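In case you want the letters, here they are:
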Amino acid sequence: MAAQKPSIPKGTRDFSPLEMVRRNYIFDTIRQVFQVFGYQPIETPAMENLSTLMGKYGEEGDKLLFKILNSGNYLDGLPEAESGMRDAASRIQYLTKHIAEKGLRYDLTVPFARFVVQHQNELIFPFKRYQIQPVWRADRPQKGRYREFFQCDVDVIGSNSLLNEVELTQIIDAVFTKLGINVLIRMNNRKVLAGIAEAIGAPERLTDITVAMDKLDKISLELVNEELIQRGVTYEAVQKLQPILNLEGKIKLKFDTLTDFFKDSETGRKGLEEMRTVLQHMKNIGLHNKFDFDIKLARGLSYYTGTILEVKAQDVSMGSICGGGRYDDLTGIFGLPGMSGVGISFGADRICDVMNESKLFPEEIQASTKAMFVNFGTDEEKHCLKLLAGLRQAGIPSELYPDSAKLKKQMEYANRKNIPYVILVGKDEIDTGKLMLKDMRSGEQKLCTPDEVINILS
RNA sequence: GUGGUCGUAGCUCAGUUGGUUAGAGCGAUAGAUUGUGGAUCUAUAGGUCGUGGGUUCAAGCCCCAUCUUCCACCCCA
């Protein structure tokens, strides 16, 4: 049989020990912050029933779901093509329903909502949970975009209090301060966006308006206006929108302008009030990182209803590395109405990319073996095994080279693995009960007792 | 999903208008050195030129398809 060239699916990656150490550093940091803020861990399966996932992420989202083929002879018993199944689209739809009932999770928020509904009687509300697991999206890979990536989610469900929003911003601030990434937290509120749509007399065009506004950072005002018209917003409404599109500057100015703008929109006023409360608290607490009220921030996920936020690294060009918001009725579709939640998601892979680009990983996280015993042969092995157990008991990561190979080879191994100390115990050392401890950096070596070695290495 | 882009040794890359046996550096392995790694020197191994078709006397190079990489759009972490 000819050997085939091995490969992994598009958009997925292997991680080397060095990369894993770095990734774990991020996961550990984030997890630690989550725990300090009183959140509890859960996990959910990699796959969900397709019915749980479909329709929760908007039209685009459905297309990006990875579907899992049923096992068995799923093609048996399918009816022949009949009327209404002539075109490819309806055939695919029919087939899909019958051959795929499961899908890989697209995010952690929807599975969480499902989890809350299923376990509502066991949970203590407000329920504060965190969840660090991979998610999958059938997107085209590019910079900072993978088909398999880790999200680190924190959510509070069962509380309307805006203090939760404030707490989440503190978590964001704490995580990125610890990791050493300068970020900008952009915040907005869906009610503000709804209010704007209402105030210009186009409430039914909310999504179109927000999607277009979101592009103001990338394309010119003229093009945004063009897109608005194209998306079916009337010329008159676009005219009314202009003062909002031009709104830049101090937070206070935004509030003043919008207060005036929302004379006739109760939704808008409500959103504005929420923003005011959250921002005031944030200002009081004093965060390390910058934050802003950004009216242009939209966020596509359709389930958000209140506060929305997005975090970007300041010094590196990369998509958002954290995002989230409040969803008032995500559990409603699963049969538990009136349960408001708010949460955010850290993109561990993008954070890792940012930290690599800015060289933010500390040197000392390369946790590996601290000391290696050279293997001189069967007698020495036996002796070293005991000493090795002593070092490990003392919590010193250590190992014994498994083969009685040439000394050069063993030393090279230690050198390449960046092991800082090598311990040589041969006939002489066994007789005197001492160990030869060699510092691989300086090259110096000296005879020590086992206790002295433990002292030096601890 | 739309448009573009990349692919030659483990890695980074040369390779002329299509022309004999596809090269370099780094790395790897062995030795110079039988209880001492990093530096140096020597030798050795390593390739179906992403894959599959086609054009040609002749293809790493030209054409088509396909996979992968990266990028823009869309969307997002």
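Summarised in this report is the structure supplied together with it. (Residues numbered from 1 in each chain as written. Chains lettered and ligands numbered in written order. Predicted model: local features only at pLDDT ≥ 70, side-chain atom pairs only at ≥ 80, totals over all residues. Heavy atoms only, no water.)

### Observations concerning the protein's contact with RNA strand B
Stage number 1. Contacts to RNA strand B come from 42 residues, most closely from Lys143, Arg145, Ser320, Lys406 and Met440.
Stage number 2. Within 4 Å of the protein, the contacting atoms of RNA strand B are 50% sugar and phosphate, with bases supplying the remainder.
Stage number 3. Between Arg137 and RNA strand B, the recorded distance is 2.5 Å, taken from a side-chain N or O atom to a sugar or linking oxygen.
Stage number 4. Contacts to RNA strand B include Gln151, whose side-chain N or O atom sits 3.4 Å from a sugar or linking oxygen.
Stage number 5. The set of elements that each furnish at least two residues to the surface near RNA strand B consists of strand S6 (148–157), strand S10 (322–327), helix H15 (407–416) and helix H16 (427–432).
Stage number 6. Tallying contributions element by element places H15 first for the surface near RNA strand B, with 6 residues.
Stage number 7. Tallied by class, the residues present in the surface near RNA strand B amount to 10 nonpolar, 11 polar and 21 charged. (Near = heavy atom within 4 Å. Polar contact = N/O pair within 3.5 Å; in protein donor to acceptor, adjacent residues only side chain to side chain. Helix = DSSP H or I, 4+ residues; strand = E, 2+ residues; numbered from the N terminus. Nonpolar A, V, L, I, M, F, W, Y, C, P; charged D, E, K, R; others polar.)

### What to know about the sheet that holds strand S1 (residues 40–41)
Stage number 1. If you trace the 8 strands from one edge of the open sheet to the other, you get S1-S5-S6-S11-S10-S9-S7-S8, paired in mixed fashion. The strands lining the two open edges of the sheet, one partner per strand, are S1 and strand S8 (290–293).
Stage number 2. For S6 and strand S11 (residues 341–347), the ladder comprises 7 bridges, and the chain directions are antiparallel. Looking at the pairing, Asp155 lines up with Gly343 of S11.
Stage number 3. Taken strand by strand, helix H1 (residues 17–36) contacts strand S5 (127–136), S6 and S11, and its axis lies near 5° from that of S6. (Pairing = 2+ DSSP bridges. Contact = heavy atoms within 4.5 Å. Axes fitted to C-alpha atoms, helices over the stretch in contact; angles between N-to-C directions.)

### Description of the environment of Asp256
Stage number 1. Mapped onto the elements of the fold, Asp256 is located in helix H11 (residues 251–261).
Stage number 2. Owing to a relative accessible area of 42%, Asp256 belongs among the partly exposed residues under this scheme.
Stage number 3. For the pair Asp256 and Phe293, spaced 37 residues apart in the sequence, the C-alpha separation amounts to 13 Å. (Buried < 20%, exposed > 50% of the residue type's maximum accessible area, 1.4 Å probe, protein only.)

Structural measurements only, silent on function.
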